[in-house]
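Remarks on the overall topology
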Amino acid sequence: MSETRSITTAGAAPRALRRPPARLHHSKTTKRQARFGYVFVSGYTLLLIAFGLLPTLYALFLAFTRNGAFVGVDNFVRVFNDYRFPPAVLHVALYVIYWLISLLVFVVLLALVVHAIRVRWASSVSRFVFYIPGAIAGASSVMLWLFVLDPTVSPVSALLNAMGYESLVQVVSLDNLPIVFTIIAFWTGAGGWIVIQYGALNNIDPEIMEAARIDGAGAVKTAWHIQLPMMTKWISYMGIMSLAAGTQLFVEPRVLSQATRGVVPDDYSLNQLAYLYAFRQGDFSGSAAISIVLLAVALVLSAVFIFRGRLFESD
Amino acid sequence: MTDRSQTRRRSTTPRQWVSKILITALLVGFAVFFVLPIVWLLIAPSKDGRQLLLDSPFSFGSFEQIGANWNALFSFQDGVFTTWLGNSTLYSFGALALTLLVSIPAGYALALVEFRGRKLLLMTTLIVMLIPNTALVLPIFLELSALRLIGTPLSVILPFSFFPFGVYLTYIYFSTAVSRDLLNAARMDGAGELRVFAQVAMPLATPVIALVGFFNFVGNWNNYFLPFLMVGGQKVPVQVGLANMLANVPQFNPTTATSTVIELPTLALATLLSVAPVLIIFLFSQRFLVEGMTAGGTKG
Amino acid sequence: MSQQSSSARRAARLLAGTASAAAGLLLLAGCSGGTSGEVNNEYGFATAEQVADSPITIWVDASREPAVKAFQEANPDIPVEYEVYDGNAGGSGTFQTKISLMDQAGEGWPDVVFSTQQNDAIWASQETNGQQAFAAPLNKGFIDDDYLAGFADGSLDYSTIDGTVYGLRNDLAQDVTFYNKKLLDEFGYEVPTTWEEYAELGDKLAAEHPGYILGSLGDSFMTYVYYGGSESPVFQADGTEFSSDVEDEHTVAISKILDGMLENGTLVKDSFFSAEFAQKYADKLVAVPGPVWYTGAIFQGALAVPAGEIGVAAPLRWEDGEIETGNVGGGIWYASSHSKNLDAVKQFLEFATSAPEFQVEASSGYPAYVEAADGWLAKQAETGYFVNDDFQQVMSDAAGQIWPGWSVTRWSPESAWATVVIPGIADGKSIESLLPAWKEELDNEATVNGYTVK
C-alpha cells in the first residue's frame, strides 16, 4: 500500500526520500509543526467547541436531567415506553439498511462507470445529470413528490400503475415508506457522493491502471483489486456519513407528510419524534434522550467503518 | 509484441462491445431516473393550476403562462422572493468564505502535521457529525441569544461555517493524495510551516477546496431548519420563504382562508429559480475539480 | 512518552474545564427570567415594564399582512414592525417552536401573533419551565367586555381556557350546506336539510345519476365536517382528560351514512384538491356540507364553478335534533404577556378583528366580529356569486350555531384521521370497521400529549 502511495507522488524529490532526516532538524521541525498545527486548527476548533462540543454536552446534560434536576435514566424509560418509539425504531432500521446498501453499491458502481468513460463531455454531463436532484431540497421538493408519487399525474405513472398503485395514498402506505424514502434520498444524495468518489478515483495514478491493463486485468479485476482498495478511506467515510444521515432521517418524511397532508405521519422517524418532543410537547429532556440514543447507535455502527477503513490513520 | 496485442484486440472486441452496451444502458437508465422528475419540474411553470392536474405530465403549456406565473411569483408580498434570494446569497457566500478559511487549514493539519490532540479532534468531529441536529438546536439558540445575535445574519453565518464534513473531506484528501515525505522534504529544505502549507500543499489542494466549497455552499443554501429558527420576516433565506409560500397553496393548506393564493405552477417556478444558483455553481466548480485532479493526481 | 501523555491529559483537562464553564454559562442563559412579578391590576396579569411608544412586533401570515398594512395607514404614529411567517399552516407548529425557544432564552418574543390554528391557546396559556405563559389574558381588564361581546356566540371558545380568554378570533369557518341549484333542478331533487335526507339523496343519485357526488372523504379536515357537525363525541377534552366515544349513537349513525355513500359512490376518496377530483368530479358535485370558505377555495378555485349555480342552505342536522354544525378552521390573534407596549397591542388587536379596512375589504374569511361580518356578507352579495339572496342570513345564523361539544386539544384531530382512516378507506375498509383503530390512535395521541384517557 505505502509503495503505491509513494509512487503517486514520485517525481518530486526521489533523492530526498532516501536521505535519513537529521536528528536535530527532526525535533525542531516537530516542535514548530506542533505549534503551527494548533494555529491551523484554531479557527475550526473554536467553531467546533461553540457549535459542536458544547451543544453535544448540553444535550447529554439534558438527557439525564429534567428541569435541571438529575433523574438518571428516567427520560430514556419514558421515551422507550412511548407508543411511537418501537415503530419509529423499525422504520429507521429498515431505512438505514436499504440506504446503506444502495449508497455503497450503486454510488461506487456509478462512480467507477463514470470514471471509465473516455469521452470527456459524456463524463461531465453524466456527473452533472446525476447531481441535479441534489440541488433540490426540502420545501422545494414537497410539490415535486406530491406529483411524482401520485399515479394519476406522475411522470412515471406507467411504472406506478404497473406496480398496481392507483392512488397516492396507496403508494405511501406504511409498508412502502422505507423504500420510498430510500428512493427519494438516493435521488437527492447519490449525485454528490458520485462526484466525491469520482474525485477519489481520479487520485489514483493512471500509471498503475495502465500497468494493470498491460498485465491483463479486465475492468472488473482492476476495480476489485486496485481501485476499491485505494478508495477504502473514501468509501468508509461515505459509509459513516450515510449511517449518520440514515439514523437522522427527518427531511424526507417531513416533506412527504406535508405533501400528503398528514397521511404520512409526522412521527415516522426517531429524529422526527425528537423534534416533536422538543417543540410540540415542550419536553426538551425527552428529545435529548432520543438524540443520545441515535448518537450511540450511529457511533457503534460507525466503529465498524472506522476500524475496517482505517479512517484515523494518517498514512 | 505487435502480434500479441493485435490478437488481443481482436479477441476482446465482442466482449468490449457487450460491456460498452451494458455500461451505456446503466448510465442511461440512471440518467433517466435522476432527470425525469426534473424535466417535469421544468415544464410545470408553463401550465396553470388546472392544467398541471389534468394535462399529461410532459405536455407543454404556453409561454404566456410562464409569464403569468412569473408575475404571480414576484408580486407575492411585493417581490419578497428577490429578498429571499438575496438573503440566501449573503448567508451562503458569507459562510463559504469563513468555512474555507477555517476548514482547509484544519484538514491539512489533521492529515499532515504532527501535533497532540490530533486524534482527539478527529474523534470529536466524528461524534459531533453523528448527533442529530435536533439536539444541537436549542443550545446553539441559547448561545447566540446570549450573544444577542438572534435575528441577525451572523446567527446564520456562524453556525453555517461549522462544517465538520468538509474538514473530514480535506483530511482524507490530504492524507491520501499528498505525501508526508513531500512536505518533510520541503521542511528540510528550510521552509517554514506556513510556506510548506501555502506553497507545497495548497497548489495540490484545488480539487478539495472546490469540493468542500461546493458542498458547504449547497448545504447552506438548502438548509431550512437553522435559519428558520434564527431569523424571521424579511431576513429569511429562500428555503424558509418557500415553506411560507407553501402555506398559501390551497392544495397544502385548505383550511386557512387565504386571500393570497399561490398556485402550484408558481411554486414550481420558485423552486426552479431557487435551485438555479446551485446548479450554476456546480458547473463552475466542476471545472476545477477535473482540472485539479489531473494536475495533482498524476506526477512525473 | 510521559511528556506526551501528561500534555494530552492537560489538553483534556483544559477542554473539559472550558466545556463545563461554558455549559454553565449556557444554563444561566437559559434560566434568565422573563416577566415575573406583581400582577398588574389594570390588566389582570403580570406585565413587563411598559415603555410608551416602543415598537411592537407582529407575526402574521401572508394573508393577514393587509391587516398590518391597513393598521399602519390608519395609525401612522404607532411604530409597528412585522414579520411574515407561515402562520402555523398545516399544523407546522412554527409558532410554538419559536416561542418555546424564546422562553428558554428568556427574551425575543413578538408582541402580537396570528395563528391559523385553533388550539394554540392551550399551550400558550401554560407556564413553561418557570417562564410566564406567552399568551396574555384578554378578559381580565385588558380588552373591554363590551368589545368581547361583539364576537359571534361561541367564537371565542377555542381560545378560552378555564374562563380566561387568551386570543381574539379572526374568522369563522362554520359549516353550511352548499348545493348546486342547476343540478338539483335538473334532477328534480330537494336540498337536504338533515343527515338522513343527505343519505337518501345519495341513494337516489347513485340509482338515477351515477357519477354525481355529494362530497369527498379524502381530506383530513372531514373529521370536523362530518363528526364535528353531527354531534359525534369523538374528540372530547375536559381539562387534561380526554375521551373519544366511537360507540355513541351519533358517531355510529354518521359512520353508517358515510359508509353507505362510499359504497354507492356518492362520496369519493380523492381529496378535493387532488388531480383525480379535478379530472373526474369537477362538475359533478351536487351538494356538500362544508365550511363557508369552500366558496373561494373549492367552488371558485379548485372546481371553477361559474356564478349563479351554487346556493347556500342551512347546515345539516339530525332529524330529531337541532342544528349543531361543525367548524373547520378560523385563525386567532394572540397578545404577548411580555409586551412592552400593551396600549399599541390593544389598539392593533381591536383594529385587526373588527376594522372594515381589513375584515371587510381585504379578508377572505368570514369575520368572527359580528359587525364586520355583516359588512363582509354585504360585500359577498355584491359579487352575486350565490344563487339565493338569503345566503347572508343562512351564514350568519350558522355562525351562532356551532356545536360546543367538539374540543380543541394540544394536538390536531386531523392527524389520526389522516393516518388511520384515509389509508383504511383507500384499502377498501368501511369507516365503521375502522372506528376502534381510530379511537386507539386518538387515545394514544392524547396520552403522549399529556392527557389522561377516560
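Scroll up to find the structure.
This report concerns the structure included in the present document. (Residues numbered from 1 in each chain as written. Chains lettered and ligands numbered in written order. Predicted model: local features only at pLDDT ≥ 70, side-chain atom pairs only at ≥ 80, totals over all residues.)

Right, let's talk about the sheet that holds strand β6 (residues 167-169) of chain C for a bit. All names here are of chain C. The strand order across the open sheet built from five strands is β2-β1-β3-β13-β6, with neighbouring strands paired in mixed fashion. This sheet does not close on itself; its edge strands, each paired only once, are β2 (80-84) and β6. Each strand of the sheet is rotated relative to its neighbour by a mean of 20°, with strand direction disregarded. Note that strand β1 (residues 56-60) and strand β3 (residues 112-115) share two bridges and pair parallel. Following the sheet pairing, Trp 59 is matched in β3 by Val 113. (Pairing = 2+ DSSP bridges. Helix = DSSP H or I, 4+ residues; strand = E, 2+ residues; numbered from the N terminus. Axes fitted to C-alpha atoms, helices over the stretch in contact; angles between N-to-C directions.)

What follows covers the sheet that holds strand β12 (residues 310-313) of chain C. Residues and elements named next belong to chain C. Read from one edge to the other, the open sheet built from three strands follows the order β11-β8-β12, with strand pairing classed as antiparallel. Looking at strand neighbours, the two that pair on one side only are β11 (287-291) and β12, the edges of this open sheet. Adjacent strand axes in the sheet meet at a mean angle of 35° when their direction is disregarded.

Now for the interface of chain C and chain A. Taken together, the contact pairs 25 residues of chain C with 27 residues of chain A. Looking at the side of chain C that touches chain A, the elements with two or more residues in it are α1 (2-31), α3 (94-105), α10 (275-280), α16 (414-426) and α17 (431-448) of chain C. If you tally residues by element for the side of chain C that touches chain A, the top one is α16 of chain C, at seven residues. (Contact = placed C-beta atoms within 7 Å.)

All names here are of chain B. Taken N-terminus to C-terminus, the directions of helix α4 (residues 80-112) and helix α7 (residues 154-161) make an angle of 40°; their axes are 8 Å apart at the nearest point. The handedness of the crossing between α4 and α7 is right-handed. Only Val 156, Ile 157, Phe 160 and Ser 161 of α7 make contact with α4, whose side of the interface consists of Tyr 91, Gly 94, Ala 95, Leu 98, Thr 99 and Val 102. Of the residues in the contact of α4 with α7, the class split is seven nonpolar, three polar and no charged. (Left-handed = near helix turned anticlockwise from the far one by under 90°. Nonpolar A, V, L, I, M, F, W, Y, C, P; charged D, E, K, R; others polar.)

Looking now at the interface of chain A and chain B. With 95 residues of chain A at the contact, the number on the chain B side is 97 residues. Element by element, the count of residues in the side of chain A that touches chain B is highest for helix α3 (residues 23-63) of chain A, at 25 residues. Here the residues of the side of chain A that touches chain B sort into 58 nonpolar, 30 polar and seven charged.

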